[in-house]
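# Fold and geometry: a report
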Amino acid sequence: MSTSPDPRTTTASGADVRVRFCPSPTGLPHVGMVRTALYNWAYARHTGGKLVFRIEDTDAARDSEESYRQLVDALTWLKIDWDEGVEVGGPHAPYRQSERKPIYAEVLQKLIDAGVVYESYSNAEEIDARNEAAGRAKQLGYDNYDRDLTDEQKAAFRAEGREPAYRLRVPDGDFTYVDLIRGEVTFPAGSFPDFVIVRAGGHALYTFTNPVDDALMGITHVIRGEDLMPSTARQLALYGALIDAGVTDFVPRFGHMPLVLGETGNKKLSKRDPQADLFLQRDKGFIHEGLLNYLALLGWSIGPDRDIFSLEEFTAAFDIADVNPNPARFDQKKAESINGDHIRRIDVADFTERSVAYMTAAGVWSEPTPEQLALFAKATPLVHERVQLLGEVPGMLSFLFTDAVTYEADAMKGLPADAPMVLTACVGALEVVAEADFDAAHIQDALAAALVDELGLKPRVAYGPPRVAITGRRVSPPLFESMELLGKAETLRRLDALANELTQTV
């Protein structure tokens with residue numbers, strides 16, 4: 001029989017949308033995982049529904065508390081909040097699978113009582129031997145042999161010391177459902193045999209715990225990655241059994257998001273790829289608004305020729321049915337460009353506050369003094385429009401917080417042969433500027449008169465040597481404003497220092 005047009009395959013009419021994000025606490029959070037959380041969160045907010053955050057931590061060998069804390073840290077940083085789940089509680093607690101074992105045992109018993117699950121004692125060697133004797137291909141796996149074991153046969157196996165696994169009695173026929181993203185999908189009859197849901201010894205498997213939790217928590221829409229799509233048929237089969245056993249009365253809608261590919265080739269973005277590392281992207285200087293904007297575009301669009309939008313605009317416009325089923329490619333440069341646009345959307349005070357941690361991480365200071373913070377606040381407007389990542393701020397502004405300028409190699413190589421003369425002219429022009437008048441406007445007037453008018457240099461050439469002297473860089477914040485922030489004495493000292501160094505190396 002087919003699951004379609006069985007009315008149980010659709011969410012109950014009028015039911016409030018309930019979606020879930022249910023990662024395993026293994027390894028570092030990655031961008032593919034975050035996109036899953038983002039789409040579920042956005043759909044819940046768009047529909048006025050609820051997002052449930054639960055943890056699938058039944059694999060003791062791989063799960064860790066450190067990874068769990070990192071997951072919570074990631075969502076907190078990204079401002080992806082949830083309505084029920086770990087940390088916040090809710091009516092379906094506990095929200096960690098490792099704490100729900102009694103619940104799974106109770107549901108298993110209901111399935112056994114309903115006759116939709118049975119004891120299975122066959123081991124791998126026995127299954128292979130039967131397949132070989134019957135001329136069945138070995139890769140077909142289990143042959144449903146234990147479906148009709150008698151009580152005497154079960155007792156005999158138990159007498160041998162065997163413990164049973166529990167398998168779902170899979171209905172004959174196709175399994176068809178309408179994917180929210182991909183349309184109608186059919187798994188032909190015989191695609192898979194009766195499958196284990198609880199191993200011998202009582203260990204419940206993902207194919208059991210995941211749908212059971214969804215059913216008990218009233219999840220109406222399962223939005224997840226395309227790579228999990230092959231398991232959907234088994235989940236549909238189990239849902240039919242859960243309905244027969246009175247555990248639930250509907251099947252959720254499924255939507256499978258497109259794969260995220262790496263920048264080159266056609267392979268899924270690997271968890272080991274640096275681009276996939278959420279915290280590495282944060283360390284580079286992504287702000288949550290920029291990263292989420294870019295991740296939203298990996299399978300969805302707000303409109304033609306528009307890439308930049310706020311999270312509020314995103315949730316207002318997002319519908320899971322509008323997601324493109326074709327694979328999306330992660331483009332680091334585009335992600336950084338979008339992040340830069342969002343940096344320019346936040347005000348300077350916010351930009352300054354968010355950048356402090358990056359200055360500390362770069363070793364510019366260990367703990368900033370009030371004086372350093374005051375100078376930093378004056379300097380950040382100079383680079384607010386110039387950076388794409390917060391991690392670029394220390395490189396642009398660290399020259400203000402050191403007595404020893406480090407000259408970048410490419411900046412030194414680009415200096416003209418007459419750089420010492422230009423720097424000496426700068427010193428002469430600025431020495432006569434009064435301390436009280438040492439601001440960007442007066443500095444510019446003095447240097448323009450000395451370098452452009454008197455020496456006949458083009459501005460692009462004239463200001464290269466003093467820029468390197470002041471900042472150590474070829475590309476820097478505005479030169480005259482930088483000199484103003486440094487003050488007259490330090491400006492003159494730096495100009496002299498580079499002039500002397502260049503003269504000594506000639």
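Heads up: the structure comes first, above all this text.
The sections below set out a description of the structure shown in this document. (Residues numbered from 1 in each chain as written. Predicted model: local features only at pLDDT ≥ 70, side-chain atom pairs only at ≥ 80, totals over all residues. Heavy atoms only, no water.)

Counting secondary structure elements, the protein contains 21 helices and twelve strands. The globule rule puts the C-alpha radius of gyration for 506 residues at 23 Å, and the 32 Å found for the protein is more than 25% above it. Dimensions of the protein, computed from the C-alpha atoms along their principal axes, are close to 105 × 45 × 40 Å. Taken over 506 residues, the protein has a buried fraction of 51%. Contacts in the protein between residues far apart in sequence, at least 24 positions, make up 76% of those at least 6 positions apart. On the protein, roughly 23,200 Å² of surface is accessible, and the fraction owed to carbon and sulfur atoms is 51%. Averaging the locations of the 52 positively and 76 negatively charged side chains of the protein gives two centres separated by 4 Å. (Helix = DSSP H or I, 4+ residues; strand = E, 2+ residues; numbered from the N terminus. Rg over C-alpha atoms; globule rule 2.2 N^0.38 Å. Buried < 20%, exposed > 50% of the residue type's maximum accessible area, 1.4 Å probe, protein only. Contact = heavy atoms within 4.5 Å. Areas by Shrake-Rupley, 256 points an atom, 1.4 Å probe, with all protein chains shown as cover. Lys, Arg positive; Asp, Glu negative; His and termini not counted. Charge placed at Lys NZ, Arg CZ, Asp CG, Glu CD.)

Right, let's get into the sheet that holds strand S2 (residues 50–53). Spatially, the three strands line up as an open sheet ordered S1-S2-S3, and their pairing is parallel. Lying at the two open borders of the sheet, with one neighbouring strand each, are strand S1 (18–21) and strand S3 (84–85). Sheet analysis places S1 next to S2, joined by four bridges and oriented parallel. Bridging across to S2, arginine 20 finds its partner in valine 52. (Pairing = 2+ DSSP bridges.)

As a further point, take the packing of helix H16 (residues 419–431) against helix H17 (residues 440–454). Following both chains from N to C, one finds H16 and H17 inclined at 130°, their axes separated by 9 Å at the closest point. In this view, H16 runs oblique relative to H17, as classed from their interaxial angle. Between H16 and H17 lies a crossing of right-handed hand. Mapping the contact onto sequence places Val422, Ala425, Cys426, Ala429 and Leu430 in H16 and Ile443, Ala446, Leu447, Ala450 and Leu451 in H17. Looking at side-chain class alone, the contact of H16 with H17 contains ten nonpolar, no polar and no charged residues. (Axes fitted to C-alpha atoms, helices over the stretch in contact; angles between N-to-C directions. Parallel < 35°, antiparallel > 145°, perpendicular 65-115°, else oblique. Left-handed = near helix turned anticlockwise from the far one by under 90°. Nonpolar A, V, L, I, M, F, W, Y, C, P; charged D, E, K, R; others polar.)

Helical geometry: 3.6 residues make up each α-helical turn, so side chains three or four residues apart lie on a common side. Helix length check: helix H7 (residues 232–244) (13 residues) gives 18 Å between terminal C-alpha atoms against 18 Å at 1.5 Å per residue, within 8%. Taken across its 13 residues, H7 has eleven buried, putting it largely inside the fold. Thr232, Ala233, Gln235, Leu236, Ala237, Leu238, Tyr239, Gly240, Ala241, Leu242 and Ile243 are the residues of H7 that are buried. Downstream of H7 by one or two residues, glycine 246 has phi in the positive range, about 80°. (Expected span 1.5 Å × (residues − 1).)

Attention now moves to the pairing of strand S7 (residues 183–187). Alignment of strand S6 (residues 175–179) against S7, held across five bridges, turns out to be antiparallel. Directly across from aspartate 179, in S7, lies its bridge partner glycine 183.

Looking now at the nonpolar core. In this structure, Tyr39, Leu111, Ile197 and Phe208 are the most contacted members of the largest nonpolar core, which totals 95 residues. No other element matches helix H1 (residues 31–47), which puts ten residues into this core. With sequence-adjacent residues up to four places away left out, leucine 111 is seen in contact with Val116, Val117, Ile197, Phe208, Leu238, Ala241, Leu242 and Ala245. Ranked by size, the runner-up nonpolar core spans 53 residues in total, among them Ala411, Ala419, Leu423 and Phe480. (Core = buried A, V, L, I, M, F, W, Y, C linked by side-chain atoms within 4.5 Å.)

This next bit is on the side chain of aspartate 146. With respect to the helices and strands, aspartate 146 occurs in the loop between helix H4 (124–134) and helix H5 (151–159). At 3.2 Å, the side chain of aspartate 146 forms a polar contact with the backbone nitrogen of tyrosine 121. When residues no more than four places from it in sequence are discounted, the contact partners of aspartate 146 are Tyr118, Glu119, Ser120, Tyr121, Ser122 and Arg130. (Polar contact = N/O pair within 3.5 Å; in protein donor to acceptor, adjacent residues only side chain to side chain.)

Attention now moves to the packing of helix H12 (residues 348–361) against helix H13 (residues 370–379). Relative to each other, H12 and H13 sit at 120°, their axes nearing to 11 Å. One element, H12, and the other, H13, form an angle in the oblique class. Between H12 and H13 lies a crossing of right-handed hand. Residue-level inspection shows Thr352, Ser355, Val356 and Met359 of H12 in contact with H13, the latter providing Leu373, Phe376 and Ala377.

This structure, assessed with the given rule, holds 19 aromatic pairs. Ring plane angle 85° and centroid distance 5.7 Å describe the contact between tryptophan 300 and phenylalanine 309, whose orientation is recorded as edge-to-face. Pairwise contacts between aromatic rings join Tyr39, Trp300, Phe309, Phe314 and Phe318 into one cluster. The ring of tyrosine 145 is capped by arginine 130, whose NZ or CZ atom sits 3.9 Å from the centre of that ring. (Phe/Tyr/Trp six-rings, centres within 6.5 Å; stacked < 30°, edge-to-face > 60°. Lys NZ or Arg CZ within 6 Å of the ring centre and 35° of its normal.)

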